[in-house]
2 protein chains.
Amino acid sequence: MAQTKPNYYVGVDLGGTKILSGVFDESLNPVDKHKVSTKARRGPDAVIQRILRCVLDAVDECDLKIDQIAAVGIGAPGVVNPESGKVIFAPNLAWEGVALKKELEKRLERPVHVENDCNLCALGVHAVELNGKPDPMIGIFLGTGIGGGLIINGALHSGFNRTAGEVGHMVIDVNGPKCSCGKRGCFEALAGRASIFRRIQVAVNEGQKTMLTEITGGDLAQLRSGSLKKAIKAGDPFVIKVIEEASVYTGIAVANLINILSPEVVVLGGGVMDALEDSMLPLITKTAHSYSMAGTTTGVKIIASHLGDHAGITGGAVLARAESRRASTSS
Amino acid sequence: MAQTKPNYYVGVDLGGTKILSGVFDESLNPVDKHKVSTKARRGPDAVIQRILRCVLDAVDECDLKIDQIAAVGIGAPGVVNPESGKVIFAPNLAWEGVALKKELEKRLERPVHVENDCNLCALGVHAVELNGKPDPMIGIFLGTGIGGGLIINGALHSGFNRTAGEVGHMVIDVNGPKCSCGKRGCFEALAGRASIFRRIQVAVNEGQKTMLTEITGGDLAQLRSGSLKKAIKAGDPFVIKVIEEASVYTGIAVANLINILSPEVVVLGGGVMDALEDSMLPLITKTAHSYSMAGTTTGVKIIASHLGDHAGITGGAVLARAESRRASTSS
């Protein structure tokens, strides 16, 4: 009897603190997922072992065998070369030139496809949440940092150096606060979670009163996006103002992208948006409209993704399925 | 005897002050060109008559007849709908909803194709000056204002609302000087000719000494890009500083676009670049490299176009030829 053709896909989101993997069926329905911590300080080999375990455990959890997996798609937080499958540069992992595809394929004996993590999030949101329709689509992901992904002519746009979508380092306030990249006034330095938390900590150290002190039990190192949500719900004027400012900056960044690319849909995701959509989205949208040129926003939708941290693994599965289909067509 | 198939193309650049038309042969070699003033204050009908005269005079100058012209491509300074051929909004002409294609086709009895002027400049530079090769390519045109055009996957990227490429209204200094669009710190308000001239006039009124006073015979309303070139050549420290600042802002804008789109080539054109390439390009390039993310600039070329004010008419001819070929293939 002929063996059944493998018809499941695994998407992996490799982050600085955790690795998430998910198994998806042929129609990209999620079957099950698994999470482990990254432990990046142990170095690339140890992290690759942990990715492997995370994938195998997710597959086992679904009562599947690895040979039922057609392919794996994995998103890494940095500059990657999808052709070679190498991670060129990933500051949060302290990786440079890691042959991720080759190492995983050797151990898994399945085809592995590597992409930038935010590119995969955009791909997942576009293909599954938005049914592959909007074109162009811009995905912006507000987390610790800010990343993005572009869908143009129905496909991921990664450009000449495969680095397109680095919207977080678009300068919008040239004299603004210093960014982790060394420049001043990047979008990420104005509206990323790390910059928001830093601003709050500085203000509190200077005597600013806020409910966050109580919410975090006096230890602002314990701040989470959810803490901000609680403080806003309770009417904390300081936190409301900080998030309003971040929303205005985000709206200006969205307007810049609308002016440059004329998208049909701008979709916002990431941990900050997941927690603060109600507070942020209306002001982002209002600001984006007021900063965009006449005629550029007609019919344009600015929306929030509701895939949460499934965006990356979904995008990984989308990539894995697309590459498998391409391989079977060309063979 | 069968009539010869029309195999010439006319490109038209409709500007706020002048109309330029050029006749090109089947291989896009320029044959001849003609220029008239726009006289926008006389209203759309009068301007359309002047476009018509400009096209017919250019054709006559080449000893051609209008039925030897396969098609006309025209760039308008504003938001256009290439499908309907309407100019939706062109502030420099005070036009709203002008049926440019329809009116010109009625009078010329030849197919007319309408695009945004900077999109056509990018198309002309890409197809003729750069042999259709770089992909993606970003064209940035520094004139009175600043516009741009994007080539992605070998074709003009105009996006969902056909408005892509409005790079001049990308905010890069949110608290910066006011822009003609009403916002603050747009790239155009920092590095466009009008903003550079305004800054010079304000400084001179406040007592700043500069050779420009002498070069313009004491009337700074007579400032031209060429006046700046003369002052820089003579070592005027004030003008050197003003142009250095504009170059740094331009470099930051280029870096933002590299981070977002990962182009292979960024090409700079327009009257300001035509006059000041030697002073500006090295600093633009240096700044762009320092503001771009690691890995995004490998192999990327930042260059100046040398098509000058032929970029727009060349792009018009490129569009006209492409549309004619498409029509003959599909018929």
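Small disclaimer: the values here were computed from a predicted structure and weren't measured.

**Points about the relation of the copies chain B and chain A**
Here's step 1: Turning chain B through 180° and shifting it by 0.0 Å along the axis lays it on chain A, with an RMSD of 0.0 Å. Considering both components of the superposition, the chain copies are consistent with a two-fold axis.
Here's step 2: Of all interface residues in chain B, 100% are interface residues in chain A too; the two copies therefore contact each other through one and the same surface.

**Some points on the environment of Leu307(B)**
All names here are of chain B.
Here's step 1: Take Leu307: it is sitting in the loop between strand 13 (301-304) and helix 10 (311-330).
Here's step 2: Linking Leu307 and Glu129, residues 178 residues apart in sequence, is a C-alpha distance of 7.4 Å.
Here's step 3: Setting aside chain neighbours within four positions, we find Leu307 in contact with Gly124, Val125, Glu129 and Thr314.

**So, the nonpolar core**
Here's step 1: Membership of the largest hydrophobic core comes to 112 residues, with the highest contact counts inside it found for Ile140(A), Leu228(A), Ile140(B) and Leu228(B).
Here's step 2: Once residues within four sequence positions are removed from consideration, Ile140(B) is found in contact with Ile146(B), Gly147(B), Gly148(B), Val167(B), Phe187(B), Val254(B), Leu257(B), Val266(B), Val267(B), Leu268(B) and Gly269(B).

**Quick notes on the sheet that holds strand 7 (residues 95-98) of chain A**
Consider a sheet: its strands pair through backbone hydrogen bonds, and that pairing is either parallel or antiparallel.
All names here are of chain A.
Here's step 1: Within the open sheet, the three strands sit side by side as 5-6-7. Their pairing is antiparallel. Of all strands in the sheet, those bounded by a partner on one side alone are strand 5 (79-81) and strand 7. Sheet twist, expressed as the average angle between the axes of neighbouring strands with direction ignored, equals 15°.
Here's step 2: Where strand 5 meets strand 6 (residues 86-90), three bridges bridge the pair, whose relative direction is antiparallel. From the neighbouring strand, Val80 faces strand 6, where its bridge partner is Val87.

**Observations regarding helix 9 (residues 271-291) of chain A**
Residues and elements named next belong to chain A.
Here's step 1: Given a rise of 1.5 Å per residue, 21 residues ought to cover 30 Å, yet the end C-alpha atoms of helix 9 are separated by just 25 Å, more than 12% below that figure.
Here's step 2: Of all the bends found along helix 9, the most pronounced is centred on Glu277 and spans about 95°.
Here's step 3: Check the buried side of helix 9 and you find it contacts strand 9 (137-142), helix 5 (193-205), helix 7 (225-233), helix 8 (237-261), strand 12 (265-269) and strand 13 (301-304).

**Concerning the interface of chain B and chain A**
Here's step 1: Taken together, the 48 residues of chain B in the interface contact 48 residues of chain A.
Here's step 2: Carbon and sulfur atoms supply 61% of the area buried between chain B and chain A, which totals about 3700 Å² over both sides.
Here's step 3: At the boundary of chain B with chain A, the tally comes to zero salt bridges.
Here's step 4: On inspection of chain B and its partner chain A, the count reaches 25 residue pairs in polar contact (both at pLDDT 80 or more).

**A short note on the pairing of strand 13 of chain A**
Side-chain positions along a regular strand alternate between the two faces of the sheet.
Residues and elements named next belong to chain A.
Here's step 1: The side-chain alternation of strand 13 yields one buried face, formed by Ile302 and Ala304, and one unburied face, formed by Lys301 and Ile303.
Here's step 2: Bridge count between strand 12 and strand 13: four bridges; the pairing is parallel. Along strand 13, the bridge assignment pairs Val265 with Lys301.
Here's step 3: Remark: the strand 12/helix 9/strand 13 crossover connection has right-handed handedness.

**A few points about the sheet that holds strand 6 (residues 86-90) of chain B**
All names here are of chain B.
Here's step 1: Pairing is antiparallel across the open sheet formed by three strands, whose spatial order is 5-6-7. Strands at the two margins of the open sheet, each flanked by one partner only, are strand 5 (79-81) and strand 7 (95-98). Across the sheet, the axes of successive neighbouring strands diverge by a mean angle of 15°, strand direction being ignored.
Here's step 2: Pairing geometry for strand 6 and strand 7, over three bridges, is antiparallel. Note that in strand 7 the partner of Val87 across the bridge is Val98.

**Digging into the state of the cysteines**
Here's step 1: Applying the stated rule across the entire model yields zero disulfides over all chains.
Here's step 2: With no disulfide of its own, Cys62(B) lies 12 Å from the sulfur of Cys54(B), the closest cysteine sulfur.

**Here's the deal with the pairing of strand 4 (residues 69-76) of chain A**
All names here are of chain A.
Here's step 1: Where burial is concerned, most of strand 4 is hidden: eight out of the eight residues are buried.
Here's step 2: Note that strand 1 (residues 8-14) and strand 4 share six bridges and pair parallel. Bridge pairing in strand 4 links Val10 to Val72.

The rules behind each value
- Residues numbered from 1 in each chain as written.
- Chains lettered and ligands numbered in written order.
- Predicted model: local features only at pLDDT ≥ 70, side-chain atom pairs only at ≥ 80, totals over all residues.
- Heavy atoms only, no water.
- Least-squares fit on C-alpha atoms with pLDDT ≥ 70 in both.
- Contact = heavy atoms within 4.5 Å.
- Helix = DSSP H or I, 4+ residues; strand = E, 2+ residues; numbered from the N terminus.
- Core = buried A, V, L, I, M, F, W, Y, C linked by side-chain atoms within 4.5 Å.
- Buried < 20%, exposed > 50% of the residue type's maximum accessible area, 1.4 Å probe, protein only.
- Pairing = 2+ DSSP bridges.
- Axes fitted to C-alpha atoms, helices over the stretch in contact; angles between N-to-C directions.
- Expected span 1.5 Å × (residues − 1).
- Bend = angle between axes of the 7 residues up to and from the residue.
- Buried area = accessible area lost by both parts, 1.4 Å probe.
- Salt bridge = Lys/Arg side-chain N within 4 Å of Asp/Glu carboxyl O.
- Polar contact = N/O pair within 3.5 Å; in protein donor to acceptor, adjacent residues only side chain to side chain.
- Right-handed = clockwise from strand over helix to strand, strands pointing away.
- Disulfide = S-S within 2.5 Å.

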